[in-house]
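# Residue-level structural notes
Residue-level listing of the chains:
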Amino acid sequence: MRGAVLVCVTAAIAGTVIGFVGGAFRWLLEAADRLRVDLVGWALGLPGPGWLIPVAAAAIGATLAALVVRWEPLANGSGIPHVEAVFHGQAPPPRIRLLPAKFIGGVLAIGSGLVLGREGPTVHMGAAIGAQAARRARLPDSEIRMMQTALGGAGLAVAFNAPIGGTLFTIEEVTKSVRTTTVLATIFAASTAVGCAHLVLGNDAEFRLQPIDEPALALLPLFVVFGLLTGCLGALYNSLVLWFLDRVTAVRRVPAVAKATITGALIGLVMIVHPQAVGGGESLTQMLLGGERFAMAVIVGYLVLRFLAGPLSYAAPVVGGLFAPLLAVGALWGVLFVAAIDTVWPGDATSLAVPMAVVGMAAFFGATVRAPLTGMVLVIEMTASTAVLVPMLAATGAAVLAAYLIGSPPIYDSLRQRSLSKT
């Protein structure tokens, strides 16, 4: 009993830290998003090759992020595969020096426009804080691993203002089991973390969703078909992430920092063409969920660019996650699916654009990460809406089934096995 109380108190204290740190991290990234859009608009208004300025800015940001990773190699990538490896006893818990590396490297990489998510850095920062807090509390090694896992879930909760989703992430994705101590530690950590983050960011839902009606049950088969196609798309996305990683790693003659510079410059070029096609994708997702209409060709362009730019950015030796870009791709895919249906069978299908975008976020997440409950709860918390809960269940279940039948492994399992094979 006394040990459980110590674990919960330690988790709450560590949750306070990741709440303020993660809140500051999000605030800086949101400011960087606004600054990046303004920079593109200003540069394109200049005479001569003003477009080179955003390209150079993205390249410099990626280069500096890669230098941070060279100082602390563990900061590379998402960090979620490492959190899982620590829990399974396959890697040592992170040290606190990971915290500044993830924070600074993440602001530089994601803020410069690379198509990466903020949740990976916050999960890993939470894990480092949790492990350090457990060491200070003189907890045994097994509880240190558990605490870094619980605080990783709290980091995800802060990233998306989704405390229940962060808790489910720990249970469904990382531990794949229910242990009372782990659940309690995660709940205490996530609740205090999100509460403290509210002091920095406010208590608004991640996305402002326009009022939507629950789709008719007669349309449920359409959502199932959409889910099956989403499962295939998710499997392709996972393969693309691993393909880019293997190809970029195989080019050994080019230094890692130079690879990051080249990737940043390429993303900078994309930024010039479509500013919303880069970055984490939150503003683009908000436009879609807000009901803003785009021409079908524009939706296709955004989807293709982000579908390729996400894996390319993740292959660069910098800091950043996969979750947020996955949600943007899912929303784009949902809107495109409805547009295609409306083209083939003209009617009132456009009214399904926003519901299908919401469902697409959860279904695509489920297909790639293979954590359907976490994905659905995250989307519900982020949109503060349950209007499409039944279609979401059907589509996400179908997406996970399709990805499973294809034989596509969960992306974080693949990334964890890949990292362990290199050690």
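Fair warning: this is a prediction, and the values are worked out from it, not measured in the lab.

## Some points on the overall build of the chain
- The helix and strand inventory of the chain stands at 17 helices and 0 strands.
- A globule of 423 residues ought to have a C-alpha radius of gyration of about 22 Å, and the chain, at 20 Å, matches this closely.
- Here the C-alpha coordinates of the chain stretch approximately 65 × 55 × 40 Å along the principal axes.
- Looking at the chain residue by residue over its 423 residues, the buried ones come to 58%.
- Within the chain, residue pairs in contact and separated by at least 24 positions form 83% of the contacts whose partners lie at least 6 positions apart.
- Accessible surface for the chain amounts to roughly 16600 Å². Of this, 68% is attributable to carbon and sulfur atoms.
- Each charge class in the chain can be summarised by its mean position, and for the 26 positive and 21 negative side chains these summaries are 14 Å apart.

## Observations concerning the packing of aromatic side chains
- Applying the stated criterion across every chain yields a total of 11 aromatic pairs.
- A centroid spacing of 5.2 Å and a plane angle of 85 degrees characterise the contact between Trp243 and Phe244, whose relative ring orientation is edge-to-face.
- A residue is classified by how much of its surface remains accessible, and Trp243, at 42% relative accessible area, is partly exposed.
- Under the relative-accessibility criterion, Phe244 is labelled buried at 15%.
- For the ring pair Phe323 and Phe365, a centre distance of 4.8 Å and an interplane angle of 80 degrees mean the geometry is edge-to-face. Taken together, the residues Phe323 in helix α13 (residues 323–344) and Phe365 in helix α14 (residues 353–369) connect sequence positions 42 residues apart. With respect to burial, Phe323 and Phe365 carry one shared label: buried.
- Put simply, the rings of Phe169, Phe323, Phe365 and Tyr412 touch in pairs and so form one group of aromatic residues.
- In this arrangement the basic side chain of Arg97 is found over the ring face of Trp71, its NZ or CZ atom lying 4.4 Å from the centre.

## Concerning the packing of helix α10 (residues 256–273) against helix α12 (residues 296–315)
- At their nearest, the axes of α10 and α12 sit 11 Å apart, and the two run at 160 degrees to each other. For the element pair α10 / α12, the angle class is roughly antiparallel. By crossing handedness, the relation of α10 to α12 is classed as left-handed. Counting all contacts with α10, which are made through Thr263, Leu266, Ile267 and Val270, the residues of α12 involved are Leu305, Ala309, Leu312 and Ser313.
- Broken down by class, the residue content of the contact of α10 with α12 amounts to 6 nonpolar, 2 polar and no charged.

## Side note on the pattern of salt bridges
- This structure, assessed with the given rule, holds 10 salt bridges.
- The salt bridge partner of Arg97 is Glu72, with a shortest N-O separation of 2.7 Å. With Arg97 in the loop between α3 (80–87) and α4 (98–111) and Glu72 in the loop between α2 (52–71) and α3, this residue pair connects regions lying 25 residues apart in the sequence.
- Arg118 is the salt-bridge partner of Glu206, the closest N and O atoms lying 2.7 Å from each other. With Glu206 in the loop between α8 (180–201) and α9 (220–250) and Arg118 in the loop between α4 and α5 (119–136), the pair connects residues that are 88 residues apart, well separated along the chain. The pair Glu206 / Arg118 is uniform in exposure class, with both members buried.

## Things to note about helix α11 (residues 282–289)
- With 6 of 8 residues buried, α11 lies mostly within the body of the structure.
- Residues of α11 that are buried: Glu282, Leu284, Thr285, Gln286, Leu288 and Leu289.
- Of the residues flanking the end of α11, it is Gly291, one or two places downstream, whose phi is positive at about 90 degrees.

## Focus on the environment of Val359
- Residue position: Val359 is located in helix α14.
- Along the backbone, Val359 and Gly334 are 25 residues apart, and their C-alpha atoms lie at a distance of 7.2 Å.
- Not counting residues up to four positions away in its chain, the partners in contact with Val359 are Phe223, Phe226, Val388, Pro391, Met392 and Ala395.

## Re unusual backbone geometry
- In this structure, Lys176 takes a positive phi of about 55 degrees despite not being glycine.
- Mapped onto the elements, Lys176 comes out in the loop between α7 (163–175) and α8.
- A positive phi is found at Ala384, a non-glycine position, where the angle reads about 55 degrees.
- Mapped onto the secondary structure, Ala384 falls in the loop between α15 (372–383) and α16 (389–406).
- Since its relative accessible area comes to 62%, Ala384 is described here as exposed.

## Some remarks on the side chain of Gln276
- Tracing the backbone through its elements, the reader meets Gln276 in the loop between α10 and α11.
- Assessed through its relative accessible area of 15%, Gln276 is described here as buried.
- Contact partners of Gln276, with chain neighbours within four places excluded, come to Ser283, Leu284, Met287, Tyr302 and Arg306.

About the cut-offs
- Residues numbered from 1 in each chain as written.
- Predicted model: local features only at pLDDT ≥ 70, side-chain atom pairs only at ≥ 80, totals over all residues.
- Heavy atoms only, no water.
- Helix = DSSP H or I, 4+ residues; strand = E, 2+ residues; numbered from the N terminus.
- Rg over C-alpha atoms; globule rule 2.2 N^0.38 Å.
- Buried < 20%, exposed > 50% of the residue type's maximum accessible area, 1.4 Å probe, protein only.
- Contact = heavy atoms within 4.5 Å.
- Areas by Shrake-Rupley, 256 points an atom, 1.4 Å probe, with all protein chains shown as cover.
- Lys, Arg positive; Asp, Glu negative; His and termini not counted.
- Charge placed at Lys NZ, Arg CZ, Asp CG, Glu CD.
- Phe/Tyr/Trp six-rings, centres within 6.5 Å; stacked < 30°, edge-to-face > 60°.
- Lys NZ or Arg CZ within 6 Å of the ring centre and 35° of its normal.
- Axes fitted to C-alpha atoms, helices over the stretch in contact; angles between N-to-C directions.
- Parallel < 35°, antiparallel > 145°, perpendicular 65-115°, else oblique.
- Left-handed = near helix turned anticlockwise from the far one by under 90°.
- Nonpolar A, V, L, I, M, F, W, Y, C, P; charged D, E, K, R; others polar.
- Salt bridge = Lys/Arg side-chain N within 4 Å of Asp/Glu carboxyl O.

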